[in-house]
Amino acid sequence: MSTPQRFKPIPLEHLTPEQRTLAEAIRSGPRSSLKNSAAARPGPLGGPFNVWLRSPGIGNLIQSLGAEIRFRSSLPSKLNEFAIIITARHWTSQYEWFAHHRLALEAGLDPAVAEDVAQGRRPAKMDRDETIVYDFSRELHETQGVSDATYQAAVDRFGERGVMDLIAVNGFYVLVSMALNVDRTPLPGGAPLPLPKLPRSA
């Protein structure tokens, strides 16, 4: 049985002036050009944007930061999206996985790699760059830091900016996962939940 969404979508005509400004910034930004994005669908804003509307000042800062992380990262799109789905898996954020799994595949990620992540397995067929991103992201989420070896591999391959961009994409999508999970945001069209529940480590 599905759980009810907590932050009910706000009809456009009921938005406050501050909320309307935020909604317009989201709808006029780069997200609106993405097929099936919650920013591109007509009607009330969905996805995490619906949650951000509750605090439009913070929401506007979040959406601006998200646009920078998504669309102006020094990391290739495939690696950026890979880090996002790793974060979605760590948080079992169903909506985030639903939204970004497709984008990761479109950017060139092997479906077998994504499936291993979904099942909580270390992917068997990663290339060198994917391995660096996977090791860095997983270690960061699981240990709240990274080892010298993991850091050095990332900085040697992506430079200091790339390491910062990798930290940022992981951290930002933790915030997005938190918003989605607290809201219990439903998947568009009543789609089935894509991620299985995994046992929690002690």
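A brief report on the enclosed structure follows. (Residues numbered from 1 in each chain as written. Predicted model: local features only at pLDDT ≥ 70, side-chain atom pairs only at ≥ 80, totals over all residues. Heavy atoms only, no water.)

1. Observations concerning the environment of Ser-37
Move 1: Relative to the elements of secondary structure, Ser-37 occurs in the loop between helix 1 (17–28) and helix 2 (47–52).
Move 2: Distance in space between the C-alpha atoms of Ser-37 and Arg-27 is 9.9 Å, their sequence separation being 10 residues. (Helix = DSSP H or I, 4+ residues; strand = E, 2+ residues; numbered from the N terminus.)

2. What to know about the packing of aromatic side chains
Move 1: A full pass over the atoms with the stated rule returns four aromatic pairs.
Move 2: An aromatic cluster is defined as three or more aromatic residues linked by ring pairs; in this entry it consists of Phe-49, Trp-52, Phe-172 and Tyr-173. (Phe/Tyr/Trp six-rings, centres within 6.5 Å; stacked < 30°, edge-to-face > 60°.)

3. Considering the environment of Gly-190
Move 1: Residue placement: Gly-190 occurs in the segment after helix 8 (148–183).
Move 2: Note: C-alpha distance between Gly-190 and Ala-124 (66 residues apart in sequence) is 32 Å.

4. Quick notes on the side chain of Glu-139
Move 1: Note on placement: Glu-139 falls in helix 7 (residues 128–143).
Move 2: Despite its burial, Glu-139 pairs with no opposite charge, the nearest such side chain being Arg-122 at 8.4 Å.
Move 3: With near-sequence residues (within four places) excluded, Glu-139 lies in contact with Gln-144, Gly-145, Val-146, Ser-147 and Thr-150. (Buried < 20%, exposed > 50% of the residue type's maximum accessible area, 1.4 Å probe, protein only. Lys, Arg positive; Asp, Glu negative; His and termini not counted. Salt bridge = Lys/Arg side-chain N within 4 Å of Asp/Glu carboxyl O. Contact = heavy atoms within 4.5 Å.)

5. Quick look at the pattern of salt bridges
Move 1: If you walk through the whole model with that rule in mind, you get 11 salt bridges.
Move 2: The salt bridge involving Arg-72 is made with Glu-68; its shortest N-O contact spans 2.7 Å.
Move 3: Judged by relative accessible area, Arg-72 falls into the partly exposed class, the value being 42%.
Move 4: Across the pair Lys-78 and Glu-130 runs a salt bridge whose closest N-O atoms are separated by 2.9 Å. Within this pair, whereas Lys-78 is found in helix 4 (residues 77–91), its partner Glu-130 is found in helix 7, the two being separated by 52 residues in sequence.
Move 5: Overlapping salt bridges, with partners in common, bring together Lys-78, Asp-127 and Glu-130 in one network.

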